[in-house]
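Structural overview for review
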Amino acid sequence: MDQASQVNSAPAKESQRRSLAKAITWRVVATSTTMAIVFGFTGKLLLAGGIGLVESLSKMLFYYIHERLWSRSSFGKVSDTPKSLNVVAHAGTISEKEREAETGSGVVTVWFTGLSGAGKTTLAYALERRLFDQDLRSIVLDGENMRLGLCRDLGFDPIERAENVRRTAEVARIANSHGIFAICGLISPFRDDRRRAKEVIGNDRFLLVHLTADEKTLHDRDRNNMYDRAEKGEIKHFTGVSDPYEVPERADLVLRTDEMDIDRCLDQITARINGQRA
């Protein structure tokens, strides 16, 4: 199985239509089971149908009440609203246009997404070198390094992954506002999280690059045997094994790092950067 098929076959977040279809089919199965049990004990079809109908309607009512109560709770929700209410934003005296004049044009955030071993860190630092050689300032926000510092308090469940992406996006936004290119290398497996990152950074400054490679290449690059350990159940929440990866539907670039060398990848990335800055 190559990386593309592995990624596409990984379980993804539920769509509303899929969740609704599953709920309806499960309700039909459960009600039919109840009716069959009642009929089996009583032999009365009308009674079985009546009990099945009452059960179905009552459970739908209780489920609705349950969902409404949970919708009022903030537990487990990812919110963009600051908890600190008595704060105001401050701005310096140097405008973004002045910073753009210094760098020659606008700066962008290059956001690398892909499974472990796809080449995010390698390309991030290679891109940093290329920009440096062109006298352009940049900062690399590597996913593992972020988790050793700013995001050291976060784990890998969906809520904490979302917060990891949000913090990284906020740092990238600040870097961009100061005339610095941001190069982010995070698995960032969920579309909603990547969309929110784009909203934080800005549509005109966000360049999403999806890196992919076949399964053999990913395993060959895995010096710490993390894929094998995840497949054995030793590592939980490992994207591409026990956790899903949602393939970007509209990435600005898709690069097969098992088929392209670093320089060829960088050529495509820098060409896209220049096009976005124009």
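The coordinates are above.
Given the structure is predicted, the values throughout are model-derived calculations rather than measurements.

A few points about the overall build of the protein chain
- A tally of helices and strands in the protein chain yields 11 helices and 5 strands.
- Of all intrachain contacts in the protein chain linking residues separated by at least 6 positions in sequence, the fraction that spans at least 24 positions is 74%.
- Accessible surface, the protein chain: about 17,200 Å² in total, of which carbon and sulfur atoms supply 56%.

Focus on the environment of G52
- Residue position: G52 is located in helix α3 (residues 45-71).
- Note on G52: relative accessible area 0%, which makes it buried.
- Along the primary structure G52 and M35 are separated by 17 residues, whereas in three dimensions their C-alpha atoms are 5.3 Å apart.
- Sequence-distant contacts of G52, defined by excluding residues within four places in its chain, comprise T31 and M35.

Looking at the side chain of E163
- Note on placement: E163 falls in helix α7 (residues 158-177).
- At a separation of 2.8 Å, a polar atom in the side chain of E163 contacts the side chain of R166.

Examining the packing of aromatic side chains
- All told, the structure shown has 2 aromatic pairs when counted by the stated rule.
- Relative to F206, the ring of W111 has its centre 5.8 Å away and its plane inclined at 40 degrees; by these criteria the two rings are tilted. On the criterion of sequence distance, the pair formed by W111 in strand β1 (residues 109-113) and F206 in strand β4 (residues 206-212) is long-range, its members being 95 residues apart.
- Between Y227 and F238 the ring centres are 5.0 Å apart and the planes differ by 75 degrees, which places this aromatic pair in the edge-to-face class. Here F238 lies in the loop between α10 (226-231) and β5 (253-256) and Y227 lies in helix α10, a separation of 11 residues in the sequence.

A closer look at the pattern of salt bridges
- A complete count under the given rule lists 16 salt bridges for this structure.
- When the shortest N-O distance is used, the salt bridge between D153 and R167 registers 2.8 Å. With D153 in the loop between α6 (143-148) and α7 and R167 in helix α7, this pair connects stretches of sequence that are 14 residues apart.
- As a salt-bridge pair, E249 and R191 come within 3.8 Å of each other at their nearest N and O atoms. Linking E249 in the loop between α10 and β5 with R191 in helix α8 (residues 191-201), this pair joins segments that are 58 residues apart in sequence.

Let's talk about the nonpolar core
- Counting residues in each nonpolar core, the largest one holds 32 residues, and the members touching the most others are V110, F112, L127, V209, I269 and I273.
- Ranked by residue count, the leading element in this core is helix α5 (residues 120-133), at 5 residues.
- Not counting the four nearest positions on each side in its chain, I269 is found in contact with V110, F112, L127, L207, L253 and L255.

Re the sheet that holds β1
- One open sheet accounts for 5 strands, arranged β2-β3-β1-β4-β5; its pairing is parallel. Edge strands, defined here as strands with exactly one partner in the open sheet, are β2 (138-142) and β5. Pairs of neighbouring strands in the sheet enclose a mean axial angle of 20 degrees, with direction left out of account.
- With 5 bridges connecting them, β2 and strand β3 (residues 181-185) associate as parallel partners. Paired with I139 across the strands is A182, a residue of β3.
- This element, α5, spans β1, β2, β3 and β4 of the sheet and lies at about 175 degrees to β2.
- In this fold α7 packs onto β1, β2 and β3, with an angle of close to 160 degrees to the strand it touches most, β3.

Some words on the side chain of S138
- Tracing the backbone shows S138 in strand β2.
- Exposure remark for S138: the relative accessible area of 19% places this residue in the buried category.

Here's the deal with unusual backbone geometry
- Even without a glycine there, the phi angle at D135 is positive, about 60 degrees.
- Residue position: D135 is located in the loop between α5 and β2.
- Since its relative accessible area comes to 71%, D135 is described here as exposed.
- Of note, the phi angle at N225 is positive, near 55 degrees, even though the residue is not glycine.
- Relative to the elements of secondary structure, N225 occurs in the loop between α9 (215-220) and α10.

Considering α3
- The first and last C-alpha atoms of α3 sit 39 Å apart over 27 residues, in line with the 39 Å expected at 1.5 Å per residue.
- What α3 keeps buried is the set A48, G52, E55 and S56.

About the criteria used
Residues numbered from 1 in each chain as written. Predicted model: local features only at pLDDT ≥ 70, side-chain atom pairs only at ≥ 80, totals over all residues. Heavy atoms only, no water. Helix = DSSP H or I, 4+ residues; strand = E, 2+ residues; numbered from the N terminus. Contact = heavy atoms within 4.5 Å. Areas by Shrake-Rupley, 256 points an atom, 1.4 Å probe, with all protein chains shown as cover. Buried < 20%, exposed > 50% of the residue type's maximum accessible area, 1.4 Å probe, protein only. Polar contact = N/O pair within 3.5 Å; in protein donor to acceptor, adjacent residues only side chain to side chain. Phe/Tyr/Trp six-rings, centres within 6.5 Å; stacked < 30°, edge-to-face > 60°. Salt bridge = Lys/Arg side-chain N within 4 Å of Asp/Glu carboxyl O. Core = buried A, V, L, I, M, F, W, Y, C linked by side-chain atoms within 4.5 Å. Pairing = 2+ DSSP bridges. Axes fitted to C-alpha atoms, helices over the stretch in contact; angles between N-to-C directions. Expected span 1.5 Å × (residues − 1).

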